Amino acid sequence: MNNLNGPDSIKKGDYGYSSESLSKSSSSRQRQSSSRAPRNTKRATNADSKKRRNSTILGILLIVIQLALSGYFVYLLMTKNLAFVTDYIFIGIAAGLVFFIILVFILTTAKKIKTKRVGKVISIIISILLAVAIYLLNPWSTMSGAKVDENPFVVFVSATDTFGDLNKEGNERSDTNILAAVNPKTHTVMMVSIPRDYYIPVIAKSVSINTSLNSDKLTHIGLYGNGQARNNSGEKVGPSGWNYACEVHWDHGKDAIMNSLKRVFKFNVDENHYHYAQLNFTGFGKLIDELGGITVDVEKSFSYTTYENYNEDNGKRKRYKYKKGEMKMDGNEALTFARTRKKFANGDIQRNRNQTAVLKGVANKALSPSVLLRYNGVVSAVEDCMETDIDLSSMAALQSNVAGHKNYDGWNIVSYGVVGESSRQRVLWNGQALSVVLKDSSSVNNGRTLLNKALSGTDYKTLKRLSKKYTNAQ
């Protein structure tokens with residue numbers, strides 16, 4: 001007979017006692033589990049709620065950053081007066097920024113975590129793009145001025161013989177003097193270089209053109225500023241109010257040298273399409289270094305010892321060597337190459353050719369896509385050493401438009417240098433007899449012809465042929 005209370009009975013549960021016992025135990029555990037579940041669920045709910053709240057706060061913070069960057073970007077577009085930002089482009093940009101702010105707000109305040117993440121990613125991307133755009137836009141105002149477009153224009157390019165920052169409120173001597181006729185419609189630049197000692201009449205408010213002594217070296221004419229002379233009391237002085245320039249002060253400007261050159265070459269362009277760009281030693285060297293160096297076609301081999309560094313005259317000297325053919329140059333090498341004249345029998349004439357070769361190298365490098373993307377660095381490097389009346393943003397817009405022409409294959413640059421005869425003449429600046437270069441009428445006429453043909457739309461091949469013909473005849 002089985003023992004009802006035995007272990008076998010309990011193990012097998014034949015009479016239900018064991019099952020009942022197990023059932024009670026199971027029920028107890030279920031009750032305990034059931035009693036714990038609400039507490040765990042509550043904790044999870046609180047954690048999720050906190051996570052969503054933190055995510056929302058982060059999203060709102062990103063929206064505030066995006067909104068601030070958008071506002072500042074729009075402000076820059078409004079105040080910089082950029083030529084390539086038309087009313088339609090401005091409205092489109094503003095509308096786009098508003099759209100993205102609303103989109104990001106909707107996404108980052110949604111209930112789903114994944115949706116919030118998408119909104120935050122979009123906000124971060126937009127903020128980064130805006131920050132980059134603001135960085136690129138900021139320096140444009142440093143050289144704002146007259147806008148250029150696809151109408152032909154002339155730029156007077158000059159380099160002064162000074163170190164460090166350019167004195168933008170003073171008048172400087174010009175070592176390099178080049179007239180560049182730019183025709184965007186034919187993608188042609190005609191550069192005519194003029195010797196620094198060219199002896200020409202000074203066209204200025206305070207200088208009489210009817211006197212026997214009204215001419216000076218071209219390099220001196222930059223010292224006459226805008227042509228208005230003043231005495232020590234600051235009163236305006238007319239043509240008969242002074243003997244020599246050193247006895248008066250001259251208002252700052254470029255009018256005298258630009259008007260004098262226009263009187264000599266008589267190129268057909270109005271004052272609204274006649275501009276200037278001026279650098280000094282330091283600016284010229286920095287520009288070329290910031291471009292990553294340039295390639296120059298060396299016409300004649302030579303070597304020369306001069307300044308070691310064009311940031312300043314530190315008293316140290318270096319020997320530079322140039323070999324005929326294409327040569328890559330840094331800022332110091334290019335500037336030495338452009339300034340040297342004592343190594344050549346024809347002095348200033350060969351130097352003008354070398355200067356033109358350097359400017360060709362600068363133009364070719366400056367218009368390359370890689371440099372246009374680094375515009376900010378280039379402008380920052382030379383802004384203290386350069387002065388121009390051109391709105392550089394309009395130059396960028398012009399390049400963008402020209403590059404879109406069907407027949408555009410890069411800019412074609414033609415060069416020509418006028419020549420003359422060495423002499424000694426009394427100069428207007430101080431009345432002393434100095435070494436000068438007298439104008440060669442035939443050479444000046446050829447330069448005038450080339451400038452006007454470029455402005456009127458003559459094709460590159462014709463200009464190149466004529467330039468070569470005129471150069472060979474000199």
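Residues numbered from 1 in each chain as written. Predicted model: local features only at pLDDT ≥ 70, side-chain atom pairs only at ≥ 80, totals over all residues. Heavy atoms only, no water.

## Observations regarding the environment of Val-362
Thinking step 1. Summarising the element assignment, Val-362 is placed in helix α9 (residues 348-366).
Thinking step 2. When its relative accessible area of 12% is taken as the criterion, Val-362 is described as buried.
Thinking step 3. Each C-alpha atom, one on Val-362 and one on Leu-291, is 8.0 Å from the other, the two residues being 71 residues apart in sequence.
Thinking step 4. Excluding anything up to four places from it in sequence, Val-362 contacts Leu-287, Ile-288, Leu-291 and Ile-294. (Helix = DSSP H or I, 4+ residues; strand = E, 2+ residues; numbered from the N terminus. Buried < 20%, exposed > 50% of the residue type's maximum accessible area, 1.4 Å probe, protein only. Contact = heavy atoms within 4.5 Å.)

## Quick notes on empty space enclosed by the protein
Thinking step 1. Across all of its chains, the model carries two cavities of 30 Å³ or more by this definition.
Thinking step 2. As a volume, the largest cavity reaches approximately 120 Å³.
Thinking step 3. What lines the largest cavity is a set of 13 residues, among which Ala-159, Thr-176, Phe-284, Leu-335 and Ala-338 lie closest to the centre.
Thinking step 4. In terms of residue class, the lining of the largest cavity is built from eight nonpolar, three polar and two charged.
Thinking step 5. Considered as a void within the structure, the second largest cavity measures approximately 70 Å³ in volume.
Thinking step 6. Lining the second largest cavity, in full, are Phe-156, Ser-158, Gly-170, Asn-171, Glu-172, Ser-174, Gly-222, His-252, Gly-253, Lys-254, Ile-257 and Gln-278.
Thinking step 7. In terms of residue class, the lining of the second largest cavity is made up of two nonpolar, eight polar and two charged. (1 Å grid on protein atoms, 1.4 Å probe; cavity = no way out; pocket = protein on both sides within 12 Å on 5 of 7 lines; lining within 4 Å. Points joined across faces, edges and corners; volume = space filled by probe spheres on them. Nonpolar A, V, L, I, M, F, W, Y, C, P; charged D, E, K, R; others polar.)

## Looking at the layout of surface pockets
Thinking step 1. The volume enclosed by the second largest pocket comes to roughly 820 Å³.
Thinking step 2. Where the lining of the second largest pocket is concerned, the elements lending two or more residues are β10 (294-298), α9, β15 (412-417) and α14 (460-473).
Thinking step 3. Of the residues forming the lining of the second largest pocket, the biggest block, eight residues, is contributed by α9.
Thinking step 4. Tallied by class, residues from the lining of the second largest pocket come to nine nonpolar, 14 polar and seven charged.

## Brief notes about the sheet that holds strand β4 (residues 198-201)
Thinking step 1. Reading across the sheet, the four strands line up as β5-β4-β17-β16 and stay open at both edges, with mixed pairing between neighbours. The open sheet has two edge strands, β5 (215-217) and β16 (420-426), and neither has a second partner. Along the sheet, successive strands turn relative to each other by an average axial angle of 50 degrees, direction set aside.
Thinking step 2. Sheet analysis places β4 next to β5, joined by three bridges and oriented antiparallel. If you follow Pro-201 over to β5, its bridge partner there is Ser-215. (Pairing = 2+ DSSP bridges. Axes fitted to C-alpha atoms, helices over the stretch in contact; angles between N-to-C directions.)

## Overview of the sheet that holds strand β7 (residues 236-237)
Thinking step 1. A sheet is described by the order of its strands in space; here three strands give the open sequence β7-β6-β8, paired in antiparallel fashion. Each of the sheet's edge strands pairs with one partner strand only, and the pair in question is β7 and β8 (249-250).
Thinking step 2. Two elements, strand β6 (residues 229-230) and β8, share two bridges in a ladder whose sense is antiparallel. Residue pairing in the sheet places Ala-229 in a bridge with Trp-250 of β8.

## Some points on the pattern of salt bridges
Thinking step 1. The full count for this structure, using the stated rule, is nine salt bridges.
Thinking step 2. Arg-339 serves as the salt-bridge partner of Asp-175, at 3.2 Å between the closest nitrogen and oxygen. Of the two residues, Asp-175 sits in strand β2 (residues 174-183) while Arg-339 sits in helix α8 (residues 331-339), which places them 164 residues apart along the sequence.
Thinking step 3. With a relative accessible area of 6%, Asp-175 lands in the buried category.
Thinking step 4. Between Asp-197 and Arg-196 there is a salt bridge, with its nearest N and O atoms 3.1 Å apart. Here the two residues Asp-197 and Arg-196 agree in accessibility, since each one is buried.
Thinking step 5. Linked by salt bridges that have partners in common, Asp-175, Arg-196, Asp-197, Lys-217, Arg-339 and Arg-341 make up one network. (Salt bridge = Lys/Arg side-chain N within 4 Å of Asp/Glu carboxyl O.)

## Here's the deal with helix α12 (residues 392-403)
Thinking step 1. Relative to the 16 Å expected for 12 residues at 1.5 Å per residue, α12 spans 17 Å between its end C-alpha atoms, a close match to the ideal helical length.
Thinking step 2. Of the residues making up α12, those classed as buried are Leu-392, Ser-393, Ser-394, Ala-397, Leu-398, Gln-399 and Val-402. (Expected span 1.5 Å × (residues − 1).)

## Quick look at the packing of aromatic side chains
Thinking step 1. Scanning the entire structure with this criterion turns up 11 aromatic pairs.
Thinking step 2. Judged by centre distance (6.2 Å) and plane angle (70 degrees), the ring pair of Tyr-416 and Tyr-470 falls under edge-to-face. Note that Tyr-416 is positioned in strand β15 and Tyr-470 in helix α14, a separation of 54 residues in sequence.
Thinking step 3. On the accessibility criterion, Tyr-416 (2% relative accessible area) is buried.
Thinking step 4. By way of ring pairs, the aromatic residues Tyr-224, Trp-242, Trp-250 and Trp-429 are connected into one cluster. (Phe/Tyr/Trp six-rings, centres within 6.5 Å; stacked < 30°, edge-to-face > 60°.)

## Description of the side chain of Thr-162
Thinking step 1. As for its position among the elements, Thr-162 is in the loop between β1 (153-160) and β2.
Thinking step 2. Within polar-contact distance, the side chain of Thr-162 engages the side chain of Asn-280 at 3.4 Å.
Thinking step 3. Thr-162 has contacts with Glu-172, Asn-280, Phe-281 and Thr-282, leaving out every residue within four places of it along the chain. (Polar contact = N/O pair within 3.5 Å; in protein donor to acceptor, adjacent residues only side chain to side chain.)

## What about unusual backbone geometry?
Thinking step 1. Non-glycine residue His-187 carries a positive phi angle of around 60 degrees.
Thinking step 2. Look at Lys-266: it is not a glycine, yet its phi comes out positive at around 50 degrees.
Thinking step 3. When you line up the elements, Lys-266 lands in the loop between α6 (255-265) and β9 (274-280).

## So, the nonpolar core
Thinking step 1. Ranked by size, the top nonpolar core spans 51 residues in total, and within it Leu-179, Tyr-224, Leu-261 and Phe-265 carry the most contacts.
Thinking step 2. For this core, the element with the most residues is α6, which contributes six residues.
Thinking step 3. Those residues within four positions of Tyr-224 in sequence are excluded, and the remaining contacts are Asn-171, Val-202, Asp-216, Trp-242, Ala-245, Trp-250, Asp-251, Ala-256, Leu-428 and Trp-429.
Thinking step 4. Ranked by size, the runner-up nonpolar core spans 44 residues in total, among them Val-155, Met-327, Ala-357 and Leu-359. (Core = buried A, V, L, I, M, F, W, Y, C linked by side-chain atoms within 4.5 Å.)

## Details of a nonpolar patch on the surface
Thinking step 1. A cluster of nonpolar side chains, contributed by Ile-124, Ile-128, Val-132, Tyr-135 and Leu-136, occupies part of the molecular surface with about 460 Å² of accessible area.
Thinking step 2. Along the chain, Ile-128 falls in helix α4 (residues 113-137). (Patch = residues over 30% accessible without salt bridge, like charges linked within 9 Å, V, L, I, M, F, W, Y side chains within 5 Å. Areas by Shrake-Rupley, 256 points an atom, 1.4 Å probe, with all protein chains shown as cover.)

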